[in-house]
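Descriptive structure summary
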Amino acid sequence: MSLNNEEIKKAVREQYGAVAKQEKGSCCAPTCCAPDGTTELQPQNSINIGYSDEALASIPDGADLGLGCGNPTGFADLQPGETVLDLGSGAGIDAFLAAKSVGATGRVIGVDMTAEMIERARVNAAKSDMSNVEFRLGEIENLPVADATVDCIMSNCVVNLAPDKQRVFDEAYRVLRPGGRLAISDILAERPISPTLLSSVQAYVGCVAGAATIDETVAMLEKAGFSTVVVNREPKSKEFIREWMPELRLDEWVVSAKIQATK
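Conventions and cut-offs
- Residues numbered from 1 in each chain as written.
- Predicted model: local features only at pLDDT ≥ 70, side-chain atom pairs only at ≥ 80, totals over all residues.
- Heavy atoms only, no water.
- Helix = DSSP H or I, 4+ residues; strand = E, 2+ residues; numbered from the N terminus.
- Buried < 20%, exposed > 50% of the residue type's maximum accessible area, 1.4 Å probe, protein only.
- Contact = heavy atoms within 4.5 Å.
- Areas by Shrake-Rupley, 256 points an atom, 1.4 Å probe, with all protein chains shown as cover.
- 1 Å grid on protein atoms, 1.4 Å probe; cavity = no way out; pocket = protein on both sides within 12 Å on 5 of 7 lines; lining within 4 Å.
- Points joined across faces, edges and corners; volume = space filled by probe spheres on them.
- Nonpolar A, V, L, I, M, F, W, Y, C, P; charged D, E, K, R; others polar.
- Arc of directions from axis to C-beta.

Quick look at the overall build of the protein now. From N to C terminus, the protein includes ten helices and seven strands. Evaluated residue by residue, the protein yields a buried proportion of 56% over its 263 residues. Sequence separation of 24 or more characterises 75% of the internal contacts of the protein that already satisfy a separation of 6 or more. As displayed, the protein has an accessible area near 11400 Å², and 50% of this comes from carbon and sulfur atoms.

Here is the structure:
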């Protein structure tokens with residue numbers, strides 16, 4: 001039996017709230033946990049998915065929890081003076097990198113539904129000299145952001161966790177200015193997810209069971225009003241996805257992808 005929306009949200013909050021309290025994070029999937037149930041740290045995860053050593057060294061300690069499945073700042077084409085919104089900002093890795101790109105005349109807003117993540121991100125912000133980044137508690141299905149005020153929306157391995165993805169994309173369209181754009185790294189399904197995975201809480205919080213297909217994602221974005229929708233699969237992502245739950249061969253079901261669209 002599939003989980004309902006509230007069960008999914010509760011599980012996600014609990015899982016990522018626990019991660020936020022740790023000194024370092026694990027990768028997106030819950031199977032980064034060791035067999036005895038303790039969390040096994042993944043300090044190289046962000047390097048493996050496209051962040052440079054230089055970029056990671058430029059952000060506050062504790063901002064990188066190794067939770068992503070790509071690097072949206074690498075293809076968002078951020079410009080000085082822009083306003084950027086990070087959906088599911090976690091401890092702030094992408095928000096801080098974006099803040100450096102948009103400069104003092106720009107602004108970055110991170111939104112996360114997990115109070116522990118917001119607290120951690122704000123602590124990280126206090127460690128930095130960046131005054132152009134802020135973090136707001138809220139759901140990405142109901143963004144605490146005004147209409148038509150954002151130039152670029154980023155997200156990293158988060159939309160798959162949202163039960164109502166159409167609402168996420170509708171909200172993204174609402175807050176973007178005309179000509180604004182999306183730059184999202186996310187896990188997408190290459191075929192319908194199996195009933196076994198759909199009934200697994202761990203598969204949901206592990207960024208797998210909630211994955212939409214590529215065709216579904218394109219259709220939702222177009223329904224929201226976006227144009228020039230482009231989805232590019234990242235075949236190399238299969239290597240780290242395979243490690244999440246080796247016994248289930250998740251790489252046969254899902255792939256990381258770059259999702260881009262324009263309002």
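That shown, we press on.
Below, the discussion takes up empty space enclosed by the protein. The tally for this structure, following the rule as stated, stands at two cavities of 30 Å³ or more. Estimates place the volume of the largest cavity at around 450 Å³. Every residue lining the largest cavity is counted, 36 residues in all, and those nearest its centre are Gly88, Ser89, Gly90, Asp112 and Val158. Listed by contribution, the elements that provide at least two residues to the lining of the largest cavity are α1 (5-20), α4 (93-102) and β2 (107-112). When residues in the lining of the largest cavity are grouped by element, the largest group, three residues, is from α1. Counted by class, the lining of the largest cavity contains 19 nonpolar, ten polar and seven charged residues.

Among all positions of helix α9 (residues 214-224), only Thr217, Met220, Leu221 and Ala224 are buried. Down the axis of α9, the sector holding all buried residues measures 95°, keeping them to one side. With respect to the buried face of α9, the exposed residues turned more than 90 degrees away are Asp215 and Lys223. Residues of α9 that are buried make contact with α6 (165-175), β5 (176-189), β6 (227-234) and β7 (254-262). Gly225, located one to two residues past α9, shows a positive phi value of around 120°.

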